[in-house]
Each structure stands twice: as C-alpha cells, then as structure tokens.
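Topology and contacts: notes
Each chain is listed here by its residues.
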Amino acid sequence: MASNTAFDSSELPDTRSRRLAESLLEGSGVAINGNNPWDIQVHDPAFFGRVIRSGSLGLGESYMDGQWDCEQIDEMILRLLRHGLGQRAENPLHHLFYTLRAGFINLQSKTRAFIVGEKHYDLGNDLFERMLDETMCYSCGYWKEATDLHQAQLAKLDLAARKLGLEPGMKVLDIGCGWGSFAYHAAKHYGCEVTGITISKEQAAYAKERCEGLPVEIILEDYRDLTGCFDRIVSIGMFEHVGHKNYPTYFRAVKNLLAEDGLFLLHTIGSNATHVGADPWINKYIFPNGILPSIVQLVKPSEELFVMEDWQNFGADYDRTLMAWHANFESAWPSVSANYDERTYRMFRYYLLICAGAFRARDIQLWQVVFSNRREGRYDAPR
C-alpha cells in the first residue's frame, strides 16, 4: 500500500506521464490535489504512469493499491464522463483484446457461466446482507414515490409483479433469482408458484432458506438447461451476464418456456451505444465477461419471437440505489472487515461509486421491457 499522505502539487515529479494526465483532466473540473471533494489526491507519483499505460484499469487498480484517494469518486466520475473521458480512458490494447476474445470465444458459455457467481456473488452473504436492504435485491430500486432504499426495492418488486399481472396459482420462472427477492415476493403476496434459477451457490442456499414454506423451488442451473412451461417469466439484473453471442439463444429459451398467452419482463442495465466490450476494471474485478446490451442488441434477437409491449427507462434511479448501498457498505464495514482485506474494501467502494457516477451522467441506463407471446388484447403497463 502507498502512503496515505497526499503530495503537494509542487512536490510531484514533473514527468511526462503527469503532464499528460493533467492535460487530459484540463476542462473537466477535476484537479490533481485540488481542494474540491471530487479532486484526485495523489499519494504515489507512480499513479500517473500506471493510469497513462493502462487507462481505466490502471485507475481502478491504483485506487485499490492506495496510490490515490478521492472523497467523492462518484462526482469525479460524473465530471470525467461529461468531459468525454469515457472511451478515451480505455487502453486500446485492452479494448482490442476483449473484442477479439469476445469475437472468437463465447465468454458466457455453459462451461464459463458460473465464473461470475464464484467471483462476485459468492464473495460473502455477510457483506451483501449489510449492504443491501431486507429484500436482498441487488438491482435498481424504483424511487418514484420511495423515500428510502427498502421502499424503493419493494416498489421495484411490485412494479414488476403488476406489469406481469400476477395472479394466484400462476407458474412463474425467475431467471437469475439472486437471493430470492422476487420469488419470495411473488409467492408471498401474489400466491404464485415460483421456480428460481441462479448460478451462485451462496445465493441458492440463501434463497432456499428464505423461501422455505412457500411454493418456491430454487435451482442451481443455467437457463439453457431448463425445461417446462410457465405463465410468466421474469429476469431481473441477470441479462448483463448473458453475452452478445448468447442473446438469440436466451430469447429462444424464454420463448420455449413461456406459455402461449404469457408475459416476460426483462430488467437490465443498458448501454447507449452498440458495441462489444466492457470496462476493463469492472470486467476483471466485479463482473467477469459481462456485457451491457444496447437497444439494438435487445430488439434484433427478440424480433419475430415476441411482441414488445412496453419499455421503461428509470436508469436515473440506479444512482440513488448505488449511493444507498454505498452508505450501508461504509456503515457496515467495521463489523465485517475482519473477514476481508483493505484492498477488498477499496475495490467495493470504488465499484459502487464509479457506477453511481456513470448513471448520474446518463452514460448507462436501466430498462424494464415487457414482452408478450403474441397474446390477444391491449396491454397497459403500470407505472
């Protein structure tokens, strides 16, 4: 770890890397060792070379290693993205390598599908229990009328349930059920029979215990292996892990599992542009092999299979959700820190705050899309 003492700007070595970094920041409102809470406080001059060489990956790794600090990373990222440093912060070689790998290798194949579960979701239920609210929802809350995180997550669950028109006795499939949030809600409050599938052992065990006594079955399984017929299908915060090569397979699987008059709700983070790629730091440390779909990438593989009934964007609500998670995380860290190291703390803090900044900048979105299996009649989506 580097020293926690920030250099005075006059004490920083006058290197080419430093001059280049400062020129990139010029006009962004973010300064090196400035007085604003979103300014970068440098503890180790090696930070400059690392960021220039490795882009966003170097920025994240140097933060994890304590080479710099920032009181408000979310506001820093907001300013950098508005300044147009998003794509420019990616090392071209890293981006090219990811694109080539994604072009030749199915990074989300069946044999690789469980990697993200082991890497991120299995990190430890003790951490997630304290960071999330009582619903254990690890996806965007719906803050239209909510005043706190728990209300926002309950509102999100109920919004999805109402969009699906859940009724007692319906057979519901939850693809990527997480810790059982929607499965519990649909069974408890709507009387549905729910099958939830996940690729995380920790999530599956937690969801089974949570839903005990309810008509809920939790299965550790990949969506490509599932059979059956369901009146309603929901997928909340899972599609980001599907991968562009598997989009046609995913939608075809849903089509085969959905009843003739059924409804399917897809809740996913989305990208403003169509491309194959991922932030190198997020890909390495948080969500391996994840890709955010664009509007085109959702529409093309689903056309001719479904009728798209409704499309809602409440991506701005993810900013508030992430900041609430961050507040919980900071408050809970002293009680769980014995189970983790300082680098994990800095990794999680950085992850939550850069994502909040990206949603605040409207660089990424959150979509809920409702598809029907060519059912008859008009569909009116609740809000």
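Scroll up to find the structure this text is about.
The rules behind the values
Throughout, residues of each chain are indexed from 1 in the direction in which the sequence is written. Residues qualify for local features only when their pLDDT is at least 70, as the model is predicted, and side-chain atom pairs are given and counted only at 80 or more; totals for whole chains, interfaces and linings, by contrast, use all residues. Side-chain numbers come from the whole structure's heavy atoms, not from hydrogens or water. Strands are runs of DSSP state E lasting at least 2 residues, helices are runs of H or I lasting at least 4, and numbering of each runs from the N terminus. Accessible area is worked out with a 1.4 Å probe on protein chains only. A residue is then buried under 20% of its type maximum, exposed over 50%, and partly exposed in between. Under the convention used here, a 1.4 Å probe and the Shrake-Rupley method define accessible areas, while residue burial counts only the protein chains that appear. Here a salt bridge means any side-chain nitrogen of Lys or Arg lying within 4 Å of a carboxyl oxygen belonging to Asp or Glu. Between N-to-C directions, angles span 0 to 180 degrees; the directions come from axes that are lines fitted to C-alpha atoms, helices contributing only their stretch in contact. What sets the label is the angle itself: under 35 degrees gives roughly parallel, over 145 gives roughly antiparallel, 65 to 115 gives roughly perpendicular, and the rest give oblique. Whether a crossing is left-handed or right-handed is set by the direction in which the near helix is turned from the far one by less than a right angle, anticlockwise for left-handed and clockwise for right-handed. Two residues qualify as a contact provided that any one of their heavy atoms is within 4.5 Å of a heavy atom in the partner residue. Residue classes follow a fixed rule: Ala, Val, Leu, Ile, Met, Phe, Trp, Tyr, Cys and Pro count as nonpolar, while Asp, Glu, Lys and Arg count as charged, and any other residue, Gly among them, counts as polar. Should DSSP find at least two bridges between two strands, the strands are regarded as paired. Only Phe, Tyr and Trp rings take part, Trp by its six-membered ring, and two of them pair if their centres are within 6.5 Å. Stacked means planes under 30 degrees apart, edge-to-face means over 60, and tilted covers everything else. Counting as a charge over the ring demands two things of the Lys NZ or Arg CZ atom: a distance within 6 Å of the ring centre and an angle within 35 degrees of the ring normal. If the strands point away from the viewer and the path from the first strand over the helix to the second runs clockwise, then the crossover is right-handed.

**Side note on the overall build of the protein chain**
If you tally the helices and strands in the protein chain, you get 15 helices and nine strands. Looking at the protein chain residue by residue over its 383 residues, the buried ones come to 56%. When the accessible surface of the protein chain is summed, it comes to about 16400 Å², and 51% of that surface belongs to carbon and sulfur atoms.

**Regarding the pattern of salt bridges**
Under the definition given, this model contains 17 salt bridges. In this structure, Glu61 and Lys284 form a salt bridge, with 2.9 Å as the shortest nitrogen-oxygen distance. Of this pair, Glu61 sits in helix α2 (residues 46-64) while Lys284 sits in helix α12 (residues 280-285), and the two are 223 residues apart along the sequence. On the basis of relative accessibility, which here comes to 12%, the residue Glu61 falls in the buried class. Arg360 is the salt-bridge partner of Glu75, the closest N and O atoms lying 2.5 Å from each other. Taken together, the positions of Glu75 in helix α3 (residues 73-82) and Arg360 in helix α15 (residues 342-360) put the pair 285 residues apart, joining distant regions of the chain. Its relative accessible area of 15% is what places Glu75 among the buried residues.

**With respect to the packing of helix α14 (residues 316-336) against α15**
In the contact formed by α14 and α15, the axes pass within 8 Å of each other and the chain directions differ by 160°. In terms of axis orientation, α14 runs roughly antiparallel to α15. As α14 runs across α15, the sense of the crossing is left-handed. Together, Tyr318, Asp319, Leu322, Met323, Trp325, His326, Phe329, Glu330 and Trp333 of α14 and Thr344, Tyr345, Phe348, Arg349, Leu352, Leu353, Cys355, Ala356, Phe359 and Arg360 of α15 make up the contact between the two elements. Split into classes, the residues belonging to the contact of α14 with α15 amount to 13 nonpolar, two polar and four charged.

**A closer look at the sheet that holds strand β5 (residues 216-220)**
What the seven strands build is an open sheet, ordered β5-β4-β3-β6-β7-β9-β8; its pairing is mixed. Looking at strand neighbours, the two that pair on one side only are β5 and β8 (307-313), the edges of this open sheet. In this sheet, neighbouring strand axes are inclined to one another by 15° on average, regardless of whether the strands run parallel or antiparallel. Bridge count between strand β3 (residues 171-175) and strand β6 (residues 230-236): three bridges; the pairing is parallel. Looking at β6, one finds that Leu173 is bridged to Ile233.

**Notes on the packing of aromatic side chains**
Under the counting rule described, the total for this entry stands at 34 aromatic pairs. With centroids separated by 5.9 Å and ring planes inclined at 35°, the aromatic side chains of Trp333 and Tyr340 adopt a geometry described as tilted. For the pair shown, Trp333 and Tyr340 are each scored as buried. In this structure, Arg210 packs its charged tip against the face of Tyr184, placed 5.3 Å from the ring centre. Taking NZ or CZ as reference, Lys255 lies 5.8 Å from the ring centre of Phe306, over its face.

**Focus on the environment of Glu240**
Mapped onto the elements of the fold, Glu240 is located in the loop between β6 and α11 (247-257). Residues contacting Glu240, with those up to four places away along its chain left out, are Thr268, Ile269, Gly290, Ile291 and Leu292.

**Quick notes on the pairing of β3**
Burial analysis of β3 places four of its five residues in the buried class, which makes it a mostly covered element. Pairing geometry for β3 and strand β4 (residues 193-198), over five bridges, is parallel. Counted as the bridge partner of Leu173 is Thr195 from β4. Following the chain from β3 across helix α9 (residues 181-190) to the adjacent parallel β4, one finds a crossover that is right-handed.

**Here's the deal with the environment of Ile32**
Along the polypeptide, Ile32 turns up in the loop between α1 (16-25) and β1 (41-42). Residue Ile32 is classed as buried on the basis of its relative accessible area of 10%. Linking Ile32 and Arg18, residues 14 residues apart in sequence, is a C-alpha distance of 9.6 Å.

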